[in-house]
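The lines below spell out each chain.
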Amino acid sequence: MDRMSGSSGLATVSRGEPADETRNRPKAWLLSPYALPLHTLRLWVRCLLPMAIWFSVGELLRFGLTVAGSEFAHGPGREWRLAGVMFLFIVMVMATMIVTIGMLHSLRGALMEIRARRAEGTDEREPFVGGVGRAIVPFATVYLAWGWFVDDAREFADADMERYAEQYDRYQAALIMNALDGGGNARPPEPPDAGTNLVMDVRIALIFTVVAFALRYLVMLLYERRGGGTVLSFALAFCEITFTFYSLAVIVESSSAGKSWLAGRTVAQWWNDAWAQLEQAVPGWETVWGWVGEIRPHVMDVVVPTLIWLTLAILVFGPYSEDVRDVIKGTRLERVGTFVEERTHELTRRSAGHLTVRLGLDKWPPLLNALRFVARGGAPLFAMACLCHVALSVGAGYLERGAYYLIGTAHRQLEWEVYQIPVRFGVELLFMTLLLCLLAATFDLAAMRQRLNSSTSADSPVETSATLAVSASSSGTTP
């Protein structure tokens, strides 16, 4: 008995695990991918108050800037006013990104991975300003690459349309009166401009695009020369978003004429005819694309949004990367990439990089990096994250409908508009806080599972020698 107890002690010591580390190690069931909903609720209960404060501040800023943009858009000199409205919209987008980073930053202290890093001394308590300065530039890149500004722009324009809805009533009344009068010499009514506060004149938008491009170029030079910094990070992200939105205004205003011109070209007609012939000539073409059409909504509406949000979580909590070499690092493709990089000219690589950006393929490496990070924690973990994301989206819709059901239907339109404000705020608060807690929990479980797997791999030779020592002491022989 004494010999066996001594051999057990030898095995424990040889593992190299301090007593405190063993005591502080989380329970095995808590690291299971199927415990993701429970871990999400634990984070939500612990960090609900700071996240709710951040969310409330963000909604207040969005409301104030939306109302300011709607008020400023109407009046004399509307063409130049719309340039200022676009600037207010850009400020609103920046405020939304900062609030999102702040909500994620408030979860850092509750994560097991962050506490493990701090116990090792590899993670210092990063201040909020430093965290925003580090994350704002790649956040802006992801935000613009995946078109998240479309929903913000639609909300911004819908608010202006709701506040000046009487313009449409007067316009329809004038059309009816002209029709009743015969409409012979009647002057057509002025069309309403409500809801078009982000539609700029092409010439003015082009001027602001050139100015934004020049500022973006100068700030980028300073950013690369000085190696970043909080102020330069804010400035670079702001200039990037400003240049993108003003240039989008130019593209949107000039695209209608360009499409009509391109549709009448011989090349366009030839391409359409060739594509139709290809569809008829290739066997199984409709079957394959029909199958792709069935799969694509599930991928683009579930898998891709989850990966985008996980990319933002990794951006705040862990090692973010937008480099393809980090995605293929440690795989067989790394050798192929190294071979191609060594055998090609620098000008060729630079041209390929510019072509990748122009084709919009540069938005995929961050998502693939996030997918590889979560996949290391196990495929069930990513599947649970996608399932919980869908459950939150569906549950938020049913929760809003349930609230309206409890309010009832015997109300006037103005009363309904008043009731919708707290209902939407409460539903969006609940959905956003739970979603960010889900992302943080997914990151936490993936990182901790990788940590434990790597520590087990590092300790395996020691465990083997300890096992030999135990068996030798049990049999009374020398190993």
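For clarity, every value in this text was computed on a predicted model and none was experimentally measured.

Basis of the calculations
Residues numbered from 1 in each chain as written. Predicted model: local features only at pLDDT ≥ 70, side-chain atom pairs only at ≥ 80, totals over all residues. Heavy atoms only, no water. Helix = DSSP H or I, 4+ residues; strand = E, 2+ residues; numbered from the N terminus. Buried < 20%, exposed > 50% of the residue type's maximum accessible area, 1.4 Å probe, protein only. Areas by Shrake-Rupley, 256 points an atom, 1.4 Å probe, with all protein chains shown as cover. Patch = residues over 30% accessible without salt bridge, like charges linked within 9 Å, V, L, I, M, F, W, Y side chains within 5 Å. Salt bridge = Lys/Arg side-chain N within 4 Å of Asp/Glu carboxyl O. pLDDT = per-residue confidence, 0-100. Contact = heavy atoms within 4.5 Å. Phe/Tyr/Trp six-rings, centres within 6.5 Å; stacked < 30°, edge-to-face > 60°. Axes fitted to C-alpha atoms, helices over the stretch in contact; angles between N-to-C directions. Parallel < 35°, antiparallel > 145°, perpendicular 65-115°, else oblique. Left-handed = near helix turned anticlockwise from the far one by under 90°. Nonpolar A, V, L, I, M, F, W, Y, C, P; charged D, E, K, R; others polar. Disulfide = S-S within 2.5 Å. Polar contact = N/O pair within 3.5 Å; in protein donor to acceptor, adjacent residues only side chain to side chain. Expected span 1.5 Å × (residues − 1).

Chemist: Give a description of the overall build of the chain that names residues and reports values.
Modeler: Per the secondary structure count, the chain includes 18 helices and 0 strands. A burial count over the chain gives 35% of its 479 residues as buried. Total accessible area on the chain is roughly 28,700 Å²; 64% of this is exposed by carbon and sulfur atoms.

Chemist: So what's going on with helix α5 (residues 112-120)? Residues and values would help.
Modeler: By the burial criterion, the buried members of α5 are Met-112, Glu-113, Ile-114, Ala-116 and Arg-117. Remark: Gly-121 follows α5 within two positions and exhibits a positive phi of approximately 80°.

Chemist: Lay out the environment of Phe-382 in plain terms, naming residues and giving numbers.
Modeler: Inspection of the secondary structure puts Phe-382 in helix α17 (residues 379-407). Residues Phe-382 and Leu-36, 346 residues apart in the sequence, show an inter-C-alpha distance of 10.0 Å.

Chemist: Give a detailed account of a nonpolar patch on the surface, specifying residues and quantitative values.
Modeler: A cluster of nonpolar residues, Trp-80, Ile-207, Val-211, Leu-215, Tyr-217, Leu-218 and Leu-221, forms a patch on the protein surface that exposes about 710 Å² of accessible area. Ranked by residue count, the leading element in the nonpolar patch is helix α9 (residues 202-226), at 6 residues. Within the secondary structure layout, Leu-221 lies in helix α9.

Chemist: Kindly report on the confidence of the model for the chain, identifying the contributing residues and their values.
Modeler: Overall, the predicted model of the chain reaches an average pLDDT of 75, with 70% of residues at or above 70. When pLDDT is averaged over each helix and strand of the chain, the minimum, 37, is found for helix α1 (residues 2-14) and the maximum, 93, for helix α3 (residues 36-72). Here residues 1-21 scores under 50 on pLDDT; set against residues more than four positions off or in separate chains, the count is 17 contacts. Long-range and interchain partners of residues 352-361, a stretch whose pLDDT sits below 50, account for 3 contacts in this model, where long-range means more than four residues apart.

Chemist: Which residues make up the packing of aromatic side chains, and what are the values?
Modeler: Tallied over the entire structure, the rule returns 10 aromatic pairs. Seen from their ring centres, Phe-89 and Phe-156 are 5.3 Å apart, and the 65° between their planes marks the pair as edge-to-face. Separated by 67 residues along the polypeptide, Phe-89 in helix α4 (residues 78-105) and Phe-156 in helix α7 (residues 149-163) bring together distant segments of the chain. Pair check on accessibility: Phe-89 and Phe-156 agree, each one buried. Pairwise contacts between aromatic rings join Phe-89, Phe-149, Phe-156 and Phe-245 into one cluster.

Chemist: So what about the pattern of salt bridges? Which residues, and what values?
Modeler: As enumerated under the stated definition, the model contains 7 salt bridges in all. In this structure, Glu-155 and Arg-62 form a salt bridge, with 2.8 Å as the shortest nitrogen-oxygen distance. Residue Glu-155 is located in helix α7, and its partner Arg-62 is located in helix α3; the two are separated by 93 residues in the primary sequence. Residue classification places Arg-62 among the buried positions, given a relative accessible area of 10%. Taking the shortest distance from any N to any O, the salt bridge between Asp-201 and Arg-203 comes out at 3.2 Å. Note on Asp-201: relative accessible area 25%, which makes it partly exposed. Here the salt bridges share partners, and the residues they tie into one network are Arg-62, Asp-152 and Glu-155.

Chemist: How would you explain the side chain of Thr-40 if you had to name every residue and give the values?
Modeler: As for its position among the elements, Thr-40 is in helix α3. Judged by its relative accessible area of 6%, Thr-40 falls in the buried class. When sequence neighbours within four positions are dropped, the list of residues in contact with Thr-40 reads Leu-434, Cys-437, Leu-438 and Ala-441.

Chemist: How would you sum up the packing of α4 against helix α6 (residues 128-145)? Please name residues and give values.
Modeler: In the contact formed by α4 and α6, the axes pass within 9 Å of each other and the chain directions differ by 125°. As summarised for this structure, α4 and α6 are arranged oblique, according to the angle between their axes. In the packing of α4 onto α6, the handedness of the crossing is right-handed. Contact residues: Val-93, Met-94, Met-97, Ile-98, Thr-100, Ile-101, Gly-102 and His-105 in α4; Phe-128, Val-132, Ala-135, Ile-136, Phe-139, Ala-140 and Tyr-143 in α6. Broken down by class, the residue content of the contact of α4 with α6 amounts to 12 nonpolar, 3 polar and no charged.

Chemist: How would you sum up the state of the cysteines? Please name residues and give values.
Modeler: Disulfides are covalent bonds that connect the sulfur atoms of two cysteines. Inspection of every chain in the model, using the stated rule, returns 0 disulfides. Here Cys-386 stays free of any disulfide, with the sulfur of Cys-388 as its closest cysteine sulfur at 9.5 Å.

Chemist: Outline the side chain of His-39, listing residues and values.
Modeler: Note that His-39 resides in helix α3. Assessed through its relative accessible area of 1%, His-39 is described here as buried. There is a polar contact of 3.1 Å between the side chain of His-39 and the side chain of Arg-42. At 2.9 Å, the side chain of His-39 and the side chain of Asp-444 are in polar contact. When near neighbours in sequence (up to four residues on either side) are disregarded, His-39 contacts Met-112, Ala-441, Asp-444 and Leu-445.

Chemist: Account for α9, naming residues and giving values.
Modeler: Between its first and last C-alpha, α9 extends 36 Å over 25 residues, near the 36 Å set by a 1.5 Å rise per residue. Here α9 has its buried residues at Ile-204, Ala-205, Thr-209, Ala-212, Arg-216 and Val-219. Two or three places before Arg-203, at the opening of α9, Asp-201 has a side-chain oxygen 3.1 Å from that residue's backbone nitrogen. Gly-227 sits one or two residues past α9 and shows a positive phi near 70°.

Chemist: Any chance you could break down the environment of Ser-56 for me, citing the residues and the numbers?
Modeler: With respect to the secondary-structure elements, Ser-56 resides in helix α3. For Ser-56 and Val-99, which are 43 residues apart along the polypeptide, the C-alpha to C-alpha distance reads 9.4 Å.

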